[in-house]
Amino acid sequence: MAEPLKMVLVVAVLLLMDLGLAQAEEVVVVGKAPYRLHTLFSVECQNYFDWQTVGLVHSFGKARHPGPITRLLSCTDDELRSYKGLDLAPTFKVPSMSKHPRTGDWYPAINKPAGIVHWLEHSKDAENVDWVVILDADMIIRGPIIPWELGAEKGKPVAAYYGYLVGCDNVLAQLHTKHPEFCDKVGGLLAMHIDDLRVLAPKWLSKTEEVRADRAHWGINFTGDIYNSGWISEMYGYSFGAAEVGLRHKITEDLMIYPSYTPRKGVEPILLHYGLPFKVGNWSFSKLEHHEDGIVYECNRLFDPPPFPKEVQLMEADPEARRGLFLNLECINTLNEGLLHHHTLVGCQKPKWSKYLSFLKSKTFAELTRPRYLDNGVKSNLKKQDPETYKKDKSSGVSHNQKSEHPKIHTLFSTECSPYFDWQTVGFVHSFHLSGQPGNITRLLSCTEQDLKSYAGHDLAPTHYVPSMNRHPLTGDWYPAINKPAAVLHWLNHVETDAEFIVILDADMILRGPITPWEYGAERGRPVSTPYDYLIGCDNELAKIHTRHPEACDKVGGVIIMHIDDLRKFALLWLHKSVEVRADKAHYATNFTGDIYSSGWISEMYGYSFGAAELNLRHVIRKDILIYPGYVPEPGIEYKIFHYGLRFSVGNWSFDKADWRNTDVVNKCWAKFPDPPDPSTITSTDVNILHRDRLSIECMTTLNTALHLHHQKRACPLQDVHSKSSQAIDNKVRPSWKGEETTENSQRIRKITLSGTQSNVSSKTVPNKVLGSSRLWIVVLWSLLVLGFLAVISMALSTAGGEGVRSKGHRMKRRSSFSALSDTNGSSHNAEMVSKSNRTIQ
């Protein structure tokens, strides 16, 4: 290995010389989202809504819809005791109004306005939102729905057209609103300012009750309800409530379409509402036929597959009608894709191969269902519906209707093969899904071959395996922190990514909201990070020794948002400078480094700062992203990340991650950390101390909730777990999402599937070749494979006469085996990073 390592070092030196001579690239300004956005949808504790939830949340992430998403779950206490779907989506539980508490009237549709009123009054999320998008569960999102791009304004929401609400034109409106002339026939999609929603929501609820009670006017001639049942009272409650408070809508017919309808020529809808039956050829689908369907809980069962796109090409000659059929296919196929991903996440066995499953996982389907964005048809419709507003926007030089596509991002974090990092990984990944962080996530797992033989945590996160650098191959120095830059460099060299920005975090973090370049102003040539003021070496002799540009040294770390082009140039310098500072033992002292242990432990942090200075990468330094639990928060700041690198306490309770370095709480059923105090027991006359303690409790509760859900997914034996953390799950005590960006997406809960990430490993067996850090060994391996292949062909040809033609079944078996091997070698799982702060060392 000595010669290959020397070759690697020579190449590294040459690359460093090239980097030092590189010219500064042109800085491209990336558009920033100016507002915080949150998406809501309302459901009940039923199988019917569970499969719709899976479809909506999956499409939310797939469409790259910004901001977090919350399911408003309306259930009785009895229903919740047996409900299995609490982890299907980020959820806010609201009291069930299906049976009216005063009248006893059975009307589940009232849960929608009632749930929104409850969310506005009791959710922390509602305190930190500018815009809200309200959808129905039976929808598939095809692209970002961004209110300010649709032309929504404060006082003027955007909504879809519901022409059958004839009650806006007759005596019904005159009876139920003082302003019938303001009644708009809208519903389905609602995008409005949070201030408008606060004024509207109570009226929406009260008008719904009022119309529902007006049985004398349930007839179709008054309401347009073909069932004469008062079922659409909630829709009128919205329209009459909006009219009552003077909200007039920008109405569009082009954003939303029902599958079975044909879209207008030139219009690309970004929302599919499958409220009606639809069909393609002899195949059909109706949501009402699946009212009691437990398909979410039956491993690998999907809805009946529709025809393939190629069949539809032959089925319909008219291009516009054919486009409508393609939307029908997209709707059901996205639903099935969501179910497939969900079943993978809950540990279902790999389904049997089929042509349909192969199609759902294909690049063809991914291309057919790529995110859609606003087109000219939507712009012209908005212009037609509200010409004065459109003219005003144009005259001011601002267009709310311009196409705006956020850059794709990817989140990385680094860990090692140990129980210490496994529980951090569980907490990190759980919070990632809750936070609505868009894009994929990858754990950079640094392990030796010996470690991997006994490692049990391969399935904890989408993972990219990298060679361990704990012990330096040349010097023998034991320094695990070097794995962070080494792993990032390895990932860049071995994984193809289409992400434009990379977010690098540590494993000992809990995400509370999305961390995006457009929110914090990251650009190419201008990364974003958080302040690490104790890195005093940026101001003294240390910087002068280790960088040619000490004046460009920024004291940053913890959170990194960097353009992929910058990271490709920077990663090797980060590694090189970390090795260089680590070797400089003469300057380990606290007065040079700020390291209270004088051990060189934070060399990697200086490697980052000095490497960035070499390239003159100056950071946007943001103090409002990250907080250490136990610190008093700044007033008015809603932090997106907890970094639990230090001991923190609430009263007599305390937590220090270092105390759990050798404890396996991941593989021991129902193991968890000591519960923090109940938030209701915390009293203090000092508002700052009260806020501090509640944030500390939130951090710990999220960790224990993540472990509880992990044990559930591992099918731990059922037991009566009476603890504050399990109660937190029952009460859905969630991190305080601060909606700005999304899509699990979403997002979303954003469900990141093991098969959906470019760098996933689809098997727990780790290919040995990913552990090779030298290109030489890859060349040798391929040479051996080629020689072996030629030898097999030679033998086959020499015996061809006697063997005859092999069966088609045998060829298919070989092809399937090769495909499986290719899938295994071409993917990777993901997880969390190691926090390297000297302040975490115990």
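Below is a short write-up of the structure. (Residues numbered from 1 in each chain as written. Predicted model: local features only at pLDDT ≥ 70, side-chain atom pairs only at ≥ 80, totals over all residues. Heavy atoms only, no water.)

1. Quick look at the overall build of the chain
Threshold: Only DSSP runs of H or I reaching four residues or more are called helices, and only runs of E reaching two or more are called strands; each is numbered from the N terminus. To measure how exposed things are, a 1.4 Å probe is used in the Shrake-Rupley method; for residues, cover is taken only from the protein chains shown.
Counting secondary structure elements, the chain contains 28 helices and 24 strands. Surface summary for the chain: the accessible area is close to 36,200 Å², and the carbon and sulfur share equals 55%.

2. With respect to the pairing of strand β16 (residues 501-505)
Worth spelling out the cut-off: A 1.4 Å probe rolled over the protein chains alone gives each residue an accessible area, and that area as a share of the maximum for its type sets the label: buried under 20%, exposed over 50%, partly exposed in between. For two strands to be treated as a pair, DSSP must find at least two bridges joining them.
Across the 5 residues of β16, 5 count as buried, placing the element largely inside the fold. Here β16 shows no split at all, with Phe501, Val503 and Leu505 on one side and Ile502 and Ile504 on the other all buried. Relative to strand β19 (residues 556-563), β16 runs antiparallel, the two being bridged by 4 bridges. Note on β19: the bridge partner recorded for Ile504 is Ile560.

3. Examining the state of the cysteines
Inclusion rule: Note on disulfides: each one is a pair of cysteine sulfur atoms within 2.5 Å.
Using the criterion set out here, one finds 6 disulfides in the structure. Here Cys45 connects covalently by a disulfide to Cys75, the sulfurs 1.8 Å from one another. In this structure, the disulfide formed by Cys45 and Cys75 twists by about 95° around the S-S bond and is classed as right-handed. With Cys45 in the loop between β1 (37-44) and α2 (47-62) and Cys75 in strand β2 (residues 69-75), the pair connects residues that are 30 residues apart, well separated along the chain. Its relative accessible area of 13% is what places Cys45 among the buried residues. Overall, Cys75 belongs to the buried group, its relative accessible area being 6%. The cystine pairing of the chain, numbering bonded cysteines in sequence order, is 1-2, 3-4, 5-6, 7-8, 9-10, 11-12.

4. Digging into the environment of Phe278
This is how it is decided: In what follows, residue pairs with any heavy atoms lying within 4.5 Å of each other are defined as contacts.
Counting through the fold element by element, Phe278 comes out in strand β11 (residues 278-280). Residue Phe278 is classed as buried on the basis of its relative accessible area, which comes to 3%. It is 9.8 Å that separates the C-alpha atoms of Phe278 and Leu329, two residues lying 51 residues apart in sequence. Those residues in contact with Phe278, other than ones at most four positions away along the chain, are Pro259, Ser260, Trp283, Ser284, Phe285, Asn328 and Cys331.

5. So, the pairing of strand β7 (residues 186-193)
Counting buried residues along β7, 8 of its 8 residues qualify, which places the element largely inside the surrounding structure. One ladder, built from 4 bridges, connects strand β4 (residues 131-135) with β7; its direction is antiparallel. Of the residues in β7, the one forming a bridge with Ile134 is Leu190. Pairing of strand β6 (residues 158-161) with β7, which is carried by 4 bridges, proceeds in the antiparallel orientation. Across the sheet, the residue bridging to Ala160 is Gly187, located in β7.

6. Remarks on the packing of aromatic side chains
Using the following cut-off: In this analysis, rings of Phe, Tyr and Trp, with Trp reduced to its six-membered ring, are considered paired at centre separations within 6.5 Å, and the interplanar angle assigns stacked below 30 degrees, edge-to-face beyond 60, and tilted for intermediate values. Look at NZ for Lys and CZ for Arg. If either is within 6 Å of the ring centre and within 35 degrees of the ring normal, a charge sits over the ring.
In total, this model carries 35 aromatic pairs according to the counting rule given. Here the aromatic rings of Tyr107 and Trp231 are separated by 5.5 Å at their centres, their planes lie at 90°, and the arrangement is edge-to-face. Of this pair, Tyr107 sits in the loop between β3 (91-95) and α4 (111-122) while Trp231 is found in the loop between α8 (220-223) and α9 (233-244), placing the two residues 124 residues apart along the sequence. The buried category is assigned to Tyr107, whose relative accessible area is 2%. Through a chain of ring-to-ring contacts, the aromatic side chains of Tyr420, Phe421, Trp423, Tyr644, Phe648, Trp653, Phe655, Trp660 and Phe673 assemble into a single cluster. In this structure, Lys84 is placed above the aromatic ring of Tyr297, and the distance from its NZ or CZ to the ring centre is 4.3 Å. Above the face of the Phe308 ring, Lys355 is positioned so that its terminal group lies 5.0 Å from the ring centre.

7. Remarks on the sheet that holds strand β22 (residues 641-643)
In space, the 3 strands of this open sheet follow the order β17-β22-β21, with mixed pairing throughout. The outermost strands of the open sheet, each flanked by one partner alone, are β17 (509-511) and β21 (626-627).

8. Topic: α2
What counts, and what does not: A helix is expected to reach a length of 1.5 Å times the quantity of its residues less one.
Taking 1.5 Å of rise per residue, the 16 residues of α2 would be expected to cover 22 Å, and the 23 Å separating its terminal C-alpha atoms lies within 8% of that figure. Summarising burial for α2: 14 of the 16 residues are buried, a large majority. Taken from the residues just after α2, Arg64 is the one with a positive phi, measuring 60°.

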